[in-house]
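# Descriptive structure summary
So the chains spell out like this:
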Protein chains: 2
Amino acid sequence: MELTLAVSRLSALAHEGRLSVFRLLVQAGVLGLAAGEIARRLEVLPNTLSANLNVLAHAGLIRSRRQGRSIIYTANFDHMRDLLGFLVEDCCGGSPEICSPLAEVLRAACCAPQA
Amino acid sequence: MELTLAVSRLSALAHEGRLSVFRLLVQAGVLGLAAGEIARRLEVLPNTLSANLNVLAHAGLIRSRRQGRSIIYTANFDHMRDLLGFLVEDCCGGSPEICSPLAEVLRAACCAPQA
DNA sequence: TCCATATTTCCATGCTACTGGAAATATACG
DNA sequence: CGTATATTTCCAGTAGCATGGAAATATGGA
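Keep in mind the model is a prediction, meaning the values are calculated, not measured.

## A look at the pattern of salt bridges
A complete count under the given rule lists 10 salt bridges over all chains for this structure. It is possible to trace a salt-bridge network through shared partners that takes in Glu37, Arg40 and Arg41 of chain A.

Put into structure tokens, the structure is as follows:
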């Protein structure tokens, strides 16, 4: 991943409203949520939400699809993964005792199998 | 982790100069790098670097220690781990097939053992 | 003590992003 | 076709952040 792309994604997330939206969509998984539903849950103005969704979408962190009158938003997990990978690229300078717990956190916070 | 804390850390990273510094320190591992060495490698003005280091330190992403005339900066891997964990918290809505590759990326990009 | 190195602080300018109200667009339904 | 719902676009005022020059502080060595 390119540096500027990572910056634009981090910038998109570096905002209380947008980070809340993104985490909500991450938790919602593949089904996603309609814009109105997000606005209701987070209690934000629809125009503010729209702007924030636009920033997240432009950064490639979320996708949208129309469904009737609603527009459903979902997290883009592939791009999220790339971003996390970029942050830890070539990390630790050869100290696996630092790096291992870094990998462990995803297994813990995530619904990934307990393998 | 609190939302506002995560935002402040993401904000600190959402900047080309600071992200470059942070990744450099992540790669440097526990030994860290002196401010001057960072400035030399990234070719930035010392005052600009100082401001950026200050932002990263204030966000808890890096630590500093004096060593002679130099000040050595190191990444704060614990806080980095917390941030990554916050982003993926309760993720995927019960879809391990999405979450597993998310965890996998750390094993791949990182020096963690191939266990 | 004097000087060189290392890093930080101060400061002024310009730019970019956030906010919320109001209007506009798009879809669905009777 | 007219109305209700869902979402977006437009706009203007405000505030916070980045930048780079110059000076200040701190440590080490002669």
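## Observations concerning the interface of chain B and chain A
Counting from both sides, the interface comprises 48 residues of chain B and, opposite them, 48 residues of chain A. Across the interface of chain B and chain A, roughly 4500 Å² is buried in total on both sides, 77% from carbon and sulfur atoms. Notably, a salt bridge pairs arginine 23 of chain A with glutamate 89 of chain B, separated by 3.5 Å at the nearest N-O pair. Residue assignment for the side of chain B that touches chain A shows that the elements contributing at least two residues are α1 (3–13), α2 (16–28), α5 (77–87) and α6 (96–109) of chain B. By residue number, the principal contributor to the side of chain B that touches chain A is α6 of chain B, which donates 11 residues.

## Regarding the nonpolar core
If you look at the biggest cluster of nonpolar residues, it comprises 77 residues, and the most contacted ones within it are Leu13, Phe22 and Ile38 of chain A together with Leu13, Phe22 and Ile38 of chain B. For this core, the leading source of residues is helix α6 (residues 96–109) of chain A, giving 7 residues. For isoleucine 38 of chain A, the contacting residues outside a window of four places in its chain are Val21, Leu24, Leu25, Leu33, Glu43, Leu49, Leu53 and Tyr73 of chain A.

## Observations regarding the relation of the copies chain B and chain A
Least-squares fitting of chain B to chain A yields an RMSD of 0.0 Å, with the transformation described by 0.0 Å of translation along the axis and a rotation of 180 degrees. Here the transformation between the copies is reduced to the relation of a two-fold axis.

## A short note on unusual backbone geometry
Of note, glutamate 43 of chain A is a non-glycine position whose phi angle comes to about 55 degrees, a positive value. Mapped onto the elements of the fold, glutamate 43 of chain A is located in the loop between α3 (35–42) and α4 (46–58).

## Section: the protein's contact with DNA strand D
Contacts to DNA strand D come from 17 residues, most closely from Gly36, Asn47 and Tyr73 of chain A together with Arg18 and Asn47 of chain B. Of everything in DNA strand D that lies within 4 Å of the protein, sugar and phosphate atoms constitute 68%. Residue assignment for the surface near DNA strand D shows that the elements contributing at least two residues are α3, α4 and β3 (70–75) of chain A. A breakdown of the residues in the surface near DNA strand D according to their chemical character gives 6 nonpolar, 7 polar and 4 charged.

## So, the sheet that holds strand β3 (residues 70–75) of chain B
Sheets are built from strands that pair by backbone hydrogen bonding, the pairs being arranged parallel or antiparallel. Residue and element names in this part refer to chain B. Read from one edge to the other, the open sheet built from 3 strands follows the order β1-β3-β2, with strand pairing classed as antiparallel. Of all the strands in the sheet, just β1 (33–34) and β2 (62–67) have a single pairing partner and so form its edges. The pairing of β2 with β3 spans 6 bridges and is classified as antiparallel. What sits directly across from arginine 66, in β3, is isoleucine 71. Of the strands in this sheet, β1, β2 and β3 are in contact with α2, which crosses β3 at around 85 degrees.

## Focus: the protein's contact with DNA strand C
Near DNA strand C there are 17 residues, and of these Arg18 and Asn47 of chain A together with Gly36, Asn47 and Tyr73 of chain B occur at the shortest range. Within 4 Å of the protein, the contacting atoms of DNA strand C are drawn from sugar and phosphate to the extent of 67%. In the model, a phosphate oxygen of DNA strand C is placed 3.2 Å from a nitrogen or oxygen of the serine 50 of chain B side chain. Contact distances for DNA strand C include 3.5 Å between a sugar or linking oxygen and a side-chain N or O atom of arginine 69 of chain B. Where the surface near DNA strand C is concerned, the elements lending two or more residues are α3 (35–42), α4 (46–58) and β3 of chain B. Within the surface near DNA strand C, the residues separate by chemical class into 6 nonpolar, 7 polar and 4 charged.

Calculation rules
- Residues numbered from 1 in each chain as written.
- Chains lettered and ligands numbered in written order.
- Predicted model: local features only at pLDDT ≥ 70, side-chain atom pairs only at ≥ 80, totals over all residues.
- Heavy atoms only, no water.
- Salt bridge = Lys/Arg side-chain N within 4 Å of Asp/Glu carboxyl O.
- Contact = heavy atoms within 4.5 Å.
- Buried area = accessible area lost by both parts, 1.4 Å probe.
- Helix = DSSP H or I, 4+ residues; strand = E, 2+ residues; numbered from the N terminus.
- Core = buried A, V, L, I, M, F, W, Y, C linked by side-chain atoms within 4.5 Å.
- Buried < 20%, exposed > 50% of the residue type's maximum accessible area, 1.4 Å probe, protein only.
- Least-squares fit on C-alpha atoms with pLDDT ≥ 70 in both.
- Near = heavy atom within 4 Å.
- Nonpolar A, V, L, I, M, F, W, Y, C, P; charged D, E, K, R; others polar.
- Pairing = 2+ DSSP bridges.
- Axes fitted to C-alpha atoms, helices over the stretch in contact; angles between N-to-C directions.
- Polar contact = N/O pair within 3.5 Å; in protein donor to acceptor, adjacent residues only side chain to side chain.

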